[in-house]
2 protein chains.
Amino acid sequence: MAVTIHDVAKLAGVNSSTVSRVINGKATITPDTKERVYAAMRELDYHPNSLARSLASGLSGAIGVVVNARDAEAFSNFFFSRSLFAIEKVAQARGYQVIIANGAQSRDGTVESLMKEHKVDGLILPPTTVKPALMETIGDFPYVVLGTPDTLRSETCWVDNNNEQGAEMAVQHLKKMGYQQIAYLGGYQKRGFTKRRIRGYQNANESTEIILNTDGTSENAYTVAMAVLQKENRPDAFVCNDNLAAFGLLKACKELHLPVPKDIGIVAFDNYPLAEYMDPPLTIVDIDTAMLGEQSAQLLFRRIENKVGNQQIMLSTNLVIRASSEKKAK
Amino acid sequence: MAVTIHDVAKLAGVNSSTVSRVINGKATITPDTKERVYAAMRELDYHPNSLARSLASGLSGAIGVVVNARDAEAFSNFFFSRSLFAIEKVAQARGYQVIIANGAQSRDGTVESLMKEHKVDGLILPPTTVKPALMETIGDFPYVVLGTPDTLRSETCWVDNNNEQGAEMAVQHLKKMGYQQIAYLGGYQKRGFTKRRIRGYQNANESTEIILNTDGTSENAYTVAMAVLQKENRPDAFVCNDNLAAFGLLKACKELHLPVPKDIGIVAFDNYPLAEYMDPPLTIVDIDTAMLGEQSAQLLFRRIENKVGNQQIMLSTNLVIRASSEKKAK
DNA sequence: CTACAGCGTGCAACCGTTTGCATAATTAAT
DNA sequence: ATTAATTATGCAAACGGTTGCACGCTGTAG
């Protein structure tokens, strides 16, 4: 029913293998033959069956992007979706498809099935999947971790932004603006990137360390901030683990009539589009998610094609200075 | 090298076709045989090659989700990413993969290639792809449009939320709260869903119609709001086309010292997680994006499996009442 | 006891490409 | 002009499953 390579071959008066070679452009073909084949393909509106190609070539022509999202919010987080945009772009340029798979919704190994059933030629994985057992079964199958794994850091292949350096910058900036007592707000400490941000905070902070844990929601950040802001010697500045924490904090400051940035300075990680619409606009440690996605995809393709070994790529972060950290010089 | 169905068959002492039947569970197999086959599969750590399966069965085992995103923002918009989460969930339950493809980054028909090269068994499309030419080539290939197409509305298959009804609800709510002059703020009118929201606004609004166009950004909404709020007889309430418009509007109100909700009432479409963290928290026309994704995926699978005809599904929206529309009863 | 239905399994063709090897055609070298 | 080297194309065997058809076996009915 569907038009196959054989139909094209017959019409062009050549063998199907020749048609295949024309399509793939690997071999040298007489210009005349090539033109006849192209003409036949056009005439028949031929589209190669990618399934058959994949089987014969052993390449699925797809990469998999795995995410562990228990709810839709995690899925729509900017880190993931913006990276995905860039990944798709790189893949498309190479004629590759992008398969997304949520590892959190299925108990049976998503990664294993994508890999062993030949559904993808390579994988982009979240750091939480990096565990000795999985790395064992992954073997030398091409993959890149998007983020820094908690374990096996030097034996795995990953791309991440430098969270530690980002937090250092944030603290240094706040100090320069004249804030004295800087606290760290937000984030389950369980998460690797949070740990690294906290380490950066600790590196750069010279006064008392105040680390305020939250469950990751704005609500909880608000509650925690309300408590700490009413204490005797409260901090006068905060580095927030993400924008959501900053939103909760802002709300608390407002309710307690503590002016930002005059009495309280704020710097937050992650650049939500609305960060600059907050009152006041938030100073941000900006993460170049597009670059992160692009780099990870490109590294993955290098591994798929050249079989290069593990590599680690660390991108630096950027401070976007807005009103929330601009203490008036006194 | 890889272990195939034949290796399993040999070890289990049966023919490979039997193994195939065991895997697919379509035919009746003696329990004893079945057990032997399973044992052999386990022993050899057999994973069926999905590429070969696809070729033989003619089904790729994947659905495609197409999006037209020129920049990363569009990609990470909540509508898309939340629906995607639900779509993936439905697909995974059926053993299907989800391929995402950005139609905006390639001139050569993304849809056509996914379809004709057998890369997917069905497609979820954005309304902007619905054009007579494309529908022609799509023929009876299974697809579902996520949103209401501008044209061919009754001849295509789509799932959408009822934007018109949502806007009506918003206006009625504001009237009930005592606001007199309600304006509509935001959105390029070009977009179909914006047009439908405006129509709803017009249906329910009984005083002068004030429709304020923006380019979709918060900045522009702010500028437009600043202008209109300084006029002689300014509106005392706004229905905003999305949260971004509401953010710009809020900023303008704040600068002009117009208290919300006392002097100005606001209802906005789309429920960003931060909407309730604004000052004041925003009243929202909530769109159940998860349900939208789920319904579209399920409809798609119905089309893939049963070849049911075109269907249109319209989901209703929900008003989430918060402080921004709570005018004090006078 | 024979006949027929129905279940379980094997055989082999087929899905539409790719690709190693062989061969024919062309070009270059002597 | 003859031979060697190179290039262009054909042949046929994979790739790893699925599936229609045929056949043997078991069980029930006549």
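Right above here is the structure, for reference.
To start, this report covers the structure provided alongside it. Keep in mind it's a predicted model, so treat the numbers as computed, not measured.

1. A look at the protein's contact with DNA strand C
- Around DNA strand C lies a shell of 25 residues, among which His6 and Ser20 of chain A together with Thr18, Thr28 and Thr33 of chain B are the nearest.
- Restricting attention to atoms of DNA strand C within 4 Å of the protein, one finds that 67% of them are sugar or phosphate atoms.
- Contact between DNA strand C and Ser20 of chain A: a phosphate oxygen at 2.3 Å from a side-chain N or O atom of the residue.
- Thr18 of chain B is positioned such that a nitrogen or oxygen atom in its side chain is 2.5 Å from a phosphate oxygen of DNA strand C.
- Breaking the surface near DNA strand C down by element, the ones donating at least two residues are helix H1 (5–12), helix H2 (16–24) and helix H4 (50–57) of chain A together with helix H2 (16–24) and helix H4 (50–57) of chain B.
- The element best represented in the surface near DNA strand C is H2 of chain A, accounting for four residues.
- Broken down by class, the residue content of the surface near DNA strand C amounts to nine nonpolar, 13 polar and three charged.

2. Quick word on the environment of Asp32 of chain B
- Its place among the elements puts Asp32 of chain B in helix H3 (residues 31–44).
- In this structure, the C-alpha to C-alpha distance between Asp32 of chain B and Leu292 of chain B, residues 260 residues apart in sequence, is 45 Å.

3. Quick notes on the protein's contact with DNA strand D
- Every one of the 25 residues lining DNA strand D counts as a neighbour, but Thr18, Thr28, Thr30 and Thr33 of chain A together with Ser20 of chain B are closest to it.
- Here the atoms of DNA strand D within 4 Å of the protein split so that 65% fall in sugar or phosphate, with bases taking the remainder.
- Among the elements of the structure, H2 and H4 of chain A together with helix H1 (5–12), H2 and H4 of chain B are those that each provide at least two residues to the surface near DNA strand D.
- Looking at the surface near DNA strand D, the element that brings in the most residues is H2 of chain B, giving four residues.
- Looking at the surface near DNA strand D residue by residue, the class counts come to nine nonpolar, 13 polar and three charged.

4. Observations concerning the sheet that holds strand S2 (residues 97–102) of chain B
- Spatial ordering of the open sheet is given by S11(A)-S5(A)-S4(A)-S3(A)-S1(A)-S2(A)-S2(B)-S1(B)-S3(B)-S4(B)-S5(B)-S11(B), a layout of twelve strands whose pairing is mixed. The strands lining the two open edges of the sheet, one partner per strand, are strand S11 (312–315) of chain A together with strand S11 (312–315) of chain B. The mean inter-strand angle of the sheet, taken between neighbouring strand axes irrespective of direction, is 20°.
- The sheet contact formed by strand S1 (residues 62–67) of chain A and strand S2 (residues 97–102) of chain A spans six bridges and is parallel. Across the sheet, the residue bridging to Ala62 of chain A is Gln97 of chain A, located in S2 of chain A.

5. A look at the interface of chain A and chain B
- With 52 residues of chain A in contact, the opposing surface of chain B contributes 53 residues.
- Carbon and sulfur atoms supply 63% of the area that chain A and chain B bury against each other, a total of about 5,000 Å² over both sides.
- In this assembly, chain A and chain B are joined by two salt bridges.
- Close ionic contact of Asp45 of chain A with Lys116 of chain B constitutes a salt bridge, the shortest N to O distance being 3.2 Å.
- Summed over the shared surface of chain A and chain B, the number is twelve residue pairs in polar contact (both at pLDDT 80 or more).
- Of all the elements in the fold, those that place two or more residues in the side of chain A that touches chain B are H4, helix H5 (72–75), helix H6 (78–93), S2, helix H7 (110–116), helix H11 (218–229) and helix H12 (243–255) of chain A.
- Counting residues per element, the side of chain A that touches chain B draws most heavily on H6 of chain A, which supplies eight residues.
- In the side of chain A that touches chain B, the residues fall into 22 nonpolar, 14 polar and 16 charged.
- Here S2 of chain A runs beside S2 of chain B; their pairing, made up of three bridges, is antiparallel. Paired with Val98 of chain A across the two strands is Ile100 of chain B, which belongs to S2 of chain B.

Conventions we followed
- Residues numbered from 1 in each chain as written.
- Chains lettered and ligands numbered in written order.
- Predicted model: local features only at pLDDT ≥ 70, side-chain atom pairs only at ≥ 80, totals over all residues.
- Heavy atoms only, no water.
- Near = heavy atom within 4 Å.
- Polar contact = N/O pair within 3.5 Å; in protein donor to acceptor, adjacent residues only side chain to side chain.
- Helix = DSSP H or I, 4+ residues; strand = E, 2+ residues; numbered from the N terminus.
- Nonpolar A, V, L, I, M, F, W, Y, C, P; charged D, E, K, R; others polar.
- Pairing = 2+ DSSP bridges.
- Axes fitted to C-alpha atoms, helices over the stretch in contact; angles between N-to-C directions.
- Contact = heavy atoms within 4.5 Å.
- Buried area = accessible area lost by both parts, 1.4 Å probe.
- Salt bridge = Lys/Arg side-chain N within 4 Å of Asp/Glu carboxyl O.

Shape descriptors only; they carry no functional weight alone.
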